[in-house]
Amino acid sequence: MSPAELPLRDVHLPPPPSWWPPAAGWWWVGLGVLAVLAVIAALLYRRRARRRRWARLFDTDTAGQSSAARVAAMSVLLRRAARRLDPAADTLQGEAWLRWLDGRKRQDFSQGPGRLLLDGGFRPRIEDAEFAALLPLARRRFLQLMAGRR
């Protein structure tokens, strides 16, 4: 056969590679991403569980007593939580203690319902409205202090 008689055919390229199954490197990347997401989820779960335990501690220690005893229990819990951030904080008295509880931005303790912490534990009777204003404020501050936020 002469070269002129050879049948010529067009060049056929192989089919493009399939997207599935991915190459081994993509499996490793996927496993790495899943591991990072699992660690983040575990840390968030742990943080949320710890916060729930702290809230339960606050609620059980300040429940089922007279209002004055509950205010005294709040004060004790706040001092314990403050000690975690500043070892000298629980020795503060009066206005200095309230200013420390205020932190940097707020004045809810030194000029608001938090002033009840000064003498509320010693009063024979505390108004329900005063106690109702102090309870969420003290609970929120307790959780902040336990979480390490000033």
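A brief look at the structure comes next. Predicted model only: the values in this text are computed from it and were never measured.

### A few points about the nonpolar core
Nonpolar side chains in soluble globular proteins tend to be buried together.
And step 1. Core analysis: the biggest nonpolar cluster contains 27 residues, and Leu78, Leu101, Leu117 and Phe142 have the highest contact counts within it.
And step 2. Listing elements by their share of this core, those giving two or more residues are α1 (24-61), α2 (67-85), α3 (94-102), α4 (116-119) and α5 (128-146).
And step 3. Top contributing element to this core by residue count: α5, with 8 residues.
And step 4. Residues in contact with Leu117, not counting those within four places in the same chain, are Val71, Met74, Ser75, Leu78, Leu98, Leu101, Phe109 and Leu134.

### Quick look at the pattern of salt bridges
And step 1. Throughout the structure, instances matching the rule amount to 7 salt bridges.
And step 2. The partner of Asp90 in a salt bridge is Arg83, and the shortest N-O contact between them spans 2.8 Å.
And step 3. The buried category is assigned to Asp90, whose relative accessible area is 19%.
And step 4. A relative accessible area of 43% means that Arg83 is categorised as partly exposed.
And step 5. For the salt bridge of Asp108 with Arg140, the shortest nitrogen-to-oxygen distance reads 3.9 Å. With Asp108 in the loop between α3 and α4 and Arg140 in helix α5, the pair connects residues that are 32 residues apart, well separated along the chain.
And step 6. Arg140 gets classed as partly exposed once you look at its relative accessible area, which sits at 36%.
And step 7. Within this structure, Arg106, Asp108 and Arg140 form a network of salt bridges that share partners.

### Considerations on the packing of α1 against α2
And step 1. Close contact between α1 and α2 brings their axes to 9 Å; oriented N to C, the two are set at 150 degrees. Comparing their axes, α2 and α1 come out roughly antiparallel. Where α1 crosses over α2, the two elements pack in a sense that is right-handed. Contacts between α1 and α2 involve Trp54, Leu57, Phe58 and Asp61 on the former and, on the latter, Ala73, Met74, Leu77 and Arg84.
And step 2. Class assignment of the residues belonging to the contact of α1 with α2 gives a composition of 6 nonpolar, no polar and 2 charged.

What counts and how
- Residues numbered from 1 in each chain as written.
- Predicted model: local features only at pLDDT ≥ 70, side-chain atom pairs only at ≥ 80, totals over all residues.
- Heavy atoms only, no water.
- Core = buried A, V, L, I, M, F, W, Y, C linked by side-chain atoms within 4.5 Å.
- Buried < 20%, exposed > 50% of the residue type's maximum accessible area, 1.4 Å probe, protein only.
- Helix = DSSP H or I, 4+ residues; strand = E, 2+ residues; numbered from the N terminus.
- Contact = heavy atoms within 4.5 Å.
- Salt bridge = Lys/Arg side-chain N within 4 Å of Asp/Glu carboxyl O.
- Axes fitted to C-alpha atoms, helices over the stretch in contact; angles between N-to-C directions.
- Parallel < 35°, antiparallel > 145°, perpendicular 65-115°, else oblique.
- Left-handed = near helix turned anticlockwise from the far one by under 90°.
- Nonpolar A, V, L, I, M, F, W, Y, C, P; charged D, E, K, R; others polar.

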